[in-house]
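# Inside the fold
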Amino acid sequence: MTAPPRRTSGSTAMDDYLEQILHLIESKGYARAVDISRNLSISQASVTNMLRRLDAEGLVKHEKYRGTVLTEDGHRIARAIIDRHETLTRFLRLFGIDEETIYRDVEGMEHHVSRPTLDVIRAVADELEANPALLEKIRNKP
Ligand code: FE2
């Protein structure tokens with residue numbers, strides 16, 4: 001048996017921060033601790049601690065006027081998480097599952113799904129989108 005492919009990042013908590021930081025930078029242009037704290041429902045003290053840890057890991061750095069920014073490694077990991085989030089969401093939406101369930105499931109799955117599995121899910125989503133008859137058949141199953 002071969003070893004599974006290595007994860008791209010350290011922990012689910014770190015993943016969630018990196019994902020959130022990139023979302024904030026892309027939507028507002030900067031990521032402030034107060035916004036991270038609100039979006040993740042985590043105390044500002046914990047956010048500050050985690051930002052320090054991410055800094056020590058070389059994933060974020062603090063810039064005087066821009067606040068928290070992602071390093072190249074941090075950006076790559078955040079992108080990969082958002083990519084997993086989007087692909088899994090796109091896949092589950094095909095089946096008419098309610099948005100809240102999809103969000104909850106995706107937030108768990110995005111931390112664990114491997115690259116090969118994600119590639120398969122993306123390929124299946126492509127095929128199902130191109131084959132509405134098959135999709136209809138699956139949607140009417142349960
Ligand atoms: Fe996510």
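Parameters and conventions
Residues numbered from 1 in each chain as written. Predicted model: local features only at pLDDT ≥ 70, side-chain atom pairs only at ≥ 80, totals over all residues. Heavy atoms only, no water. Pairing = 2+ DSSP bridges. Helix = DSSP H or I, 4+ residues; strand = E, 2+ residues; numbered from the N terminus. Core = buried A, V, L, I, M, F, W, Y, C linked by side-chain atoms within 4.5 Å. Buried < 20%, exposed > 50% of the residue type's maximum accessible area, 1.4 Å probe, protein only. Contact = heavy atoms within 4.5 Å. pLDDT = per-residue confidence, 0-100.

## A short note on the pairing of strand E1 (residues 60-63)
As judged from the four bridges shared by E1 and strand E2 (residues 67-70), these two strands associate in the antiparallel manner. Considered in E2, the bridge of Glu63 is made with Gly67. In this structure, the hairpin formed by E1 and E2 is closed by a connection of three residues.

## Thoughts on the nonpolar core
Soluble globular proteins tend to pack their nonpolar side chains together in the buried interior. If you look at the biggest cluster of nonpolar residues, it comprises 19 residues, and the most contacted ones within it are Leu18, Ile21, Ile36, Leu54 and Leu70. The set of elements that each furnish at least two residues to this core consists of helix H1 (12-28), helix H3 (44-56) and helix H4 (72-93). Broken down by element, the residue count for this core peaks at six residues, all from H1. Discounting residues that sit within four places of it in the chain, Leu54 has contacts with Met14, Tyr17, Leu18, Ile21, Leu59 and Val60. One finds Val106, Val113, Ile121 and Ala125 within the second-largest nonpolar core, a separate group that totals twelve residues.

## Notes on the confidence of the model for the protein chain
Low pLDDT marks stretches whose predicted atomic positions should not be read closely. Scored by pLDDT, the protein chain comes out at a mean of 90, with 92% of its residues at no less than 70. This stretch, residues 4-9, has a pLDDT under 50; its non-local contacts, to residues over four places away or in other chains, come to eight contacts.

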